[in-house]
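Spelled out, the chains give:
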Amino acid sequence: LNAGWAAMRARTTPEDVDTSRILFYAGFAFLPWLWVINFIEYRPHLKYDDAPEDIKFYVKNSFYGFVAFMVLWGIWLSVYYSSLSSGQGWAQTMLLFQKGDTMFN
C-alpha cells in the first residue's frame, strides 16, 4: 500500500459509506445537486482499487444519475419552450404569470 492509500483508508469510515448512501438515495427525490455533492466529496475514493465497493457504487452512480437527470431536464426544457413559443395550450397553462397579468404593474 502506498502512503496515499493509507491516508485514504484511514479516512474511509463506515460513516462515509453511510453518508454517500444517503446522498445517493436522496438524489432520487428530485434533488440532483446531492448527487453532485456526493460525487465531488467522495470522488477520490474511485482512484483506489481497494477502496470499499459500496462507496464506489454510490459515487459512480451519483455521477451517472446527475448526467441522466440533466439530459432529461434539458430535453424537457427544449420541448416546453418550443411549445410555448408556438402557442400550444399546455405550455401556457404551466406559466405562473400570464402575459398581461397586472399583479406587479
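Remember, it's a predicted structure, so these values are computed and weren't measured experimentally.

Caption draft 1: How the structure looks around the confidence of the model for the protein chain. Model confidence for the protein chain is summarised by a mean pLDDT of 85, while 84% of its residues fall at 70 or above. Here helix 1 (residues 3–11) stands out as the least confident element of the protein chain, with mean pLDDT 57; helix 3 (residues 33–42) is the most confident, with 95.

Caption draft 2: How the structure looks around the packing of helix 3 against helix 4 (residues 53–85). Viewed as axis vectors pointing N to C, helix 3 and helix 4 meet at an angle of 140°, and their least axial separation amounts to 8 Å. In terms of orientation, helix 3 and helix 4 fall into the oblique class. At the point where helix 3 passes helix 4, the crossing takes the left-handed sense. Across from Trp35, Val36, Asn38, Phe39 and Tyr42 in helix 3, the residues of helix 4 making contact are Ile55, Tyr58, Val59, Ser62, Phe63, Gly65, Phe66 and Phe69. For the contact of helix 3 with helix 4, a count of residues per class yields 10 nonpolar, 3 polar and no charged.

Caption draft 3: Region of interest: the environment of serine 20. Mapped onto the secondary structure, serine 20 falls in helix 2 (residues 14–26). Distance from serine 20 to tyrosine 58, taken between C-alpha atoms, is 6.2 Å for residues 38 residues apart in sequence.

Caption draft 4: How the structure looks around helix 2. Taking 1.5 Å of rise per residue, 13 residues should cover 18 Å, and helix 2 covers 18 Å from first to last C-alpha, within 8% of that figure. Residues of helix 2 that are buried include every one of Asp16, Val17, Ser20, Leu23 and Phe24, and no others. All buried residues of helix 2 fall inside an arc of 130° around its axis, so they share one side. Seen from the buried face of helix 2, the exposed residues on the opposite side, beyond 90 degrees, are Pro14, Glu15 and Ile22.

Caption draft 5: Expanded view of the packing of aromatic side chains. Under the defined criterion, the tally for this structure stands at 12 aromatic pairs. Aromatic pair phenylalanine 28 and tryptophan 35: ring centres 5.2 Å apart, planes at 85°, arrangement edge-to-face. Judged by its relative accessible area of 5%, tryptophan 35 falls in the buried class. Consider the rings of tyrosine 80 and tryptophan 90, whose centres lie 5.9 Å apart with planes at 65°: the pair is edge-to-face.

Caption draft 6: Up close: helix 3. All of the buried residues along helix 3 are Leu34, Trp35, Asn38 and Tyr42. Buried residues of helix 3, seen end-on, are gathered within an arc of 105° and therefore sit on one face of the element. Check the buried side of helix 3 and you find it contacts helix 2 and helix 4.

Caption draft 7: Local environment of the environment of phenylalanine 69. Of note, phenylalanine 69 is situated in helix 4. For phenylalanine 69, a relative accessible area of 24% translates into the label partly exposed. Separated by 42 residues in sequence, phenylalanine 69 and glycine 27 have C-alpha atoms that sit 9.9 Å apart. Not counting the four nearest positions on each side in its chain, phenylalanine 69 is found in contact with Phe30, Pro32 and Trp35.

Definitions and limits used
- All residue numbers refer to positions counted from 1 along the written sequence of the respective chain.
- Given that the model is predicted, a residue must reach a pLDDT of at least 70 before its local features are reported, and side-chain atom pairs must reach 80 or more before they are shown or counted; all residues, however, enter totals for whole chains, interfaces and linings.
- Side-chain measures were taken over the full set of non-hydrogen atoms in the model, leaving aside hydrogen atoms and water.
- For every residue, the pLDDT score states the predictor's confidence, bounded by 0 at the bottom and 100 at the top.
- Each helix corresponds to a stretch of at least 4 residues labelled H or I by DSSP, and each strand to a stretch of at least 2 residues labelled E; elements are numbered beginning at the N terminus.
- All axes are obtained by fitting lines to C-alpha atoms, using only the stretch in contact for helices, and the reported angles, taken between N-to-C directions, cover 0 to 180 degrees.
- Angle categories are assigned with fixed cut-offs, so that under 35 degrees is roughly parallel, over 145 is roughly antiparallel, 65 to 115 is roughly perpendicular, and the rest are oblique.
- When the near helix sits turned anticlockwise from the far one by under a right angle, the crossing is termed left-handed; a clockwise turn instead gives a right-handed crossing.
- In what follows, residue pairs with any heavy atoms lying within 4.5 Å of each other are defined as contacts.
- Throughout this entry, Asp, Glu, Lys and Arg are counted as charged residues, while Ala, Val, Leu, Ile, Met, Phe, Trp, Tyr, Cys and Pro are counted as nonpolar. The remaining residues, Gly among them, count as polar.
- Expected helix span is given by 1.5 Å per residue-to-residue step, counting one fewer step than there are residues.
- We call a residue buried when its accessible area falls under 20% of the maximum for its residue type, exposed when it is over 50%, and partly exposed in between, using a 1.4 Å probe and counting protein chains only.
- In this description, one arc is meant: the one made by directions from the helix axis to the C-beta atoms.
- Note on aromatic pairs: the rings of Phe, Tyr and Trp (six-membered ring only in Trp) are paired at centre separations within 6.5 Å, and the planes decide the class, stacked below 30 degrees, edge-to-face beyond 60, tilted for the rest.

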